[in-house]
Amino acid sequence: MKKYNVAVVGVTGAVGEEMLRVLEEVDFPINKLVPLASSRSAGSMVDYKNKEHKVLELTETVFEEQDVEIALFSAGGSISAKFAPFAAEAGAIVIDNTSHFRMDDDIPLVVPEVNPNDIALWKNRGIIANPNCSTIQMVQALKPIDELYNIQRVDVSTYQATSGAGKSAMEELVLQMKDFFAFNLENSKINKFPHQIALNLIPQIDKFTENGYTKEELKMVNETRKIMHKDIKVSATCVRVPVLRGHSESVTITCEKDVDVDVIREAIKNGENLVLLDEVEKSIYPMPLLCTDKNETFVGRVRRDLHSPNIIHLFVVADNLRVGAATNAVRIAQKWIEMEG
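Presented here is an overview of the structure given in this document. (Residues numbered from 1 in each chain as written. Predicted model: local features only at pLDDT ≥ 70, side-chain atom pairs only at ≥ 80, totals over all residues. Heavy atoms only, no water.)

1. Brief notes about the overall build of the chain
A count of helical and extended segments in the chain gives nine helices and 14 strands. Since a compact globule built from 341 residues should have a radius of gyration of about 20 Å, the 20 Å found for the chain is in line with a globular shape. Counting only C-alpha atoms and orienting by the principal axes, one finds that the chain spans roughly 60 × 55 × 40 Å. Within the chain, contacts between residues separated by at least 24 positions form 67% of all contacts whose residues are at least 6 apart in sequence. (Helix = DSSP H or I, 4+ residues; strand = E, 2+ residues; numbered from the N terminus. Rg over C-alpha atoms; globule rule 2.2 N^0.38 Å. Contact = heavy atoms within 4.5 Å.)

What follows is the structure, given as structure tokens:
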């Protein structure tokens, strides 16, 4: 098998670190690993397959200098906007984990279990966009149901972990909890969120827009339509919760025809990278603690609506740093190698 020179941009961040772990776990065919970060982190070391690798500074020329063939970006939208075109011009395929390119008409937005054929569109600009973490796990669960019952509408409430806002956000939760147990919570610092996150829920992720929805909520609306290639009506309420890892979603799905719960359970059980956890009599259902460090999306609490037989409700949980970011990016790269490499 051919091996590739692979760059990880933002390698010292939460998702970048996770990308290294996933690449190692799947034994990705790497000829040369090129860890990239800002000048502040350049010179530090990262571990990959029990070997130390020096972090290089992200520059406009580093992709050509290092002969990079696959570039995994996870360093913020402004970084991707500036440097991803240089990587593509140097001949690399860019898989970008930020929101910057997602809704560009000529850039594919890919979840390999849902729309793998869109990977071929990478040739347009040399870039594939990785969707929002909450969108990824939801469309994975929607796909088998849509194939059976033709989904018309989705209403979703998310319960999103602090890691979705980065390492410093996770640290903020931990520090606030320490302050709570030290009876000093009133003096705890609030930096990453609009309010204290410890012992609290915040019904705001990203900025509000004129229609009352946040940018995070509109991402789920627009990305779902683009990925699934259909005009599904989607409404989302996104909530930040005091959890370190693992996004949870309560999803209500309106279908074109009446649904059969047993048929849907079987479809989920057989779905690609889906795991059915739905034994409520044993208190078995998806939870963040069960999905941490896992590469699957867990689905449970599957039940038909009490009033409308064409509506199904379910609970979806996945590790947002993996399924919602690093794992999806690596799976795109694997599929690209299979199709184009």
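2. Thoughts on the sheet that holds strand 6 (residues 70-73)
Paired through backbone hydrogen bonds, the strands of a sheet run either parallel or antiparallel to each other. Pairing is parallel in the open sheet, where six strands are placed in the order 5-2-1-6-7-8. Edge positions in the sheet fall to strand 5 (56-57) and strand 8 (127-129), since each has one partner strand and no second. In terms of strand pairing, strand 1 (residues 4-9) meets strand 6 through four bridges, oriented parallel. Paired with Val6 across the strands is Ile70, a residue of strand 6. The strands that helix 3 (residues 77-89) touches are strand 1, strand 6, strand 7 (93-96) and strand 8; relative to strand 6, the one it contacts most, it runs at about 175°. (Pairing = 2+ DSSP bridges. Axes fitted to C-alpha atoms, helices over the stretch in contact; angles between N-to-C directions.)

3. Thoughts on the sheet that holds strand 14 (residues 311-318)
What the six strands build is an open sheet, ordered 10-9-11-14-13-12; its pairing is mixed. Pairing within the sheet leaves two strands with one partner each, and these edge strands are strand 10 (233-240) and strand 12 (274-276). Between one strand axis and the next, the sheet turns through 20° on average, direction left out of account. Packed on one face of the sheet, helix 6 (residues 215-228) meets strand 9 (151-160), strand 10 and strand 11 (247-255) and runs near 145° to strand 10.

4. Observations regarding the environment of Ile119
Tracing the chain through its elements places Ile119 in the loop between strand 7 and strand 8. You can call Ile119 buried: its relative accessible area is 0%. A sequence separation of ten residues divides Ile119 from Ala129, and the C-alpha atoms of the two residues are 9.7 Å apart. Apart from the residues within four sequence positions on either side, Ile119 is in contact with Val110, Ile128, Ile332, Lys335, Trp336 and Met339. (Buried < 20%, exposed > 50% of the residue type's maximum accessible area, 1.4 Å probe, protein only.)

5. A look at the side chain of Gln176
Within the fold, Gln176 resides in helix 5 (residues 167-181). Discounting chain neighbours no more than four positions away, the residues touching Gln176 are Leu185, Ser188, Lys189, Ile190, Gln196, Ile197 and Ala198.

6. With respect to the nonpolar core
Counting residues in each nonpolar core, the largest one holds 57 residues, and the members touching the most others are Phe63, Ala71, Phe73, Val251, Ile253 and Leu314. Looking at this core, the element that brings in the most residues is helix 4 (residues 133-149), giving seven residues. With sequence-adjacent residues up to four places away left out, Ala71 is seen in contact with Ala7, Phe63, Ala87, Ala92, Ile93, Val94 and Ile95. Residues Val6, Val22, Ala37 and Ile332 belong to the second largest nonpolar core, which totals 34 residues. (Core = buried A, V, L, I, M, F, W, Y, C linked by side-chain atoms within 4.5 Å.)

7. What to know about the environment of Leu175
One can find Leu175 in helix 5. A relative accessible area of 48% places Leu175 in the partly exposed class. Note: C-alpha distance between Leu175 and Trp336 (161 residues apart in sequence) is 41 Å.

8. A look at the packing of aromatic side chains
If you walk through the whole model with that rule in mind, you get five aromatic pairs. For the ring pair Phe63 and Phe73, a centre distance of 5.8 Å and an interplane angle of 20° mean the geometry is stacked. Of this pair, Phe63 sits in helix 2 (residues 62-65) while Phe73 is found in strand 6, placing the two residues ten residues apart along the sequence. Here Phe63 and Phe73 have matching classes, each one buried. The interplanar angle of 75° and the centroid separation of 5.0 Å between the aromatic rings of Phe180 and Phe181 together place this pair among those described as edge-to-face. Relative accessible area serves as the criterion here: at 35%, Phe180 is assigned to the partly exposed category. In textbook terms, an aromatic cluster arises when at least three aromatic residues are bridged by ring pairs, as seen for Tyr4, Trp122 and Trp336. (Phe/Tyr/Trp six-rings, centres within 6.5 Å; stacked < 30°, edge-to-face > 60°.)

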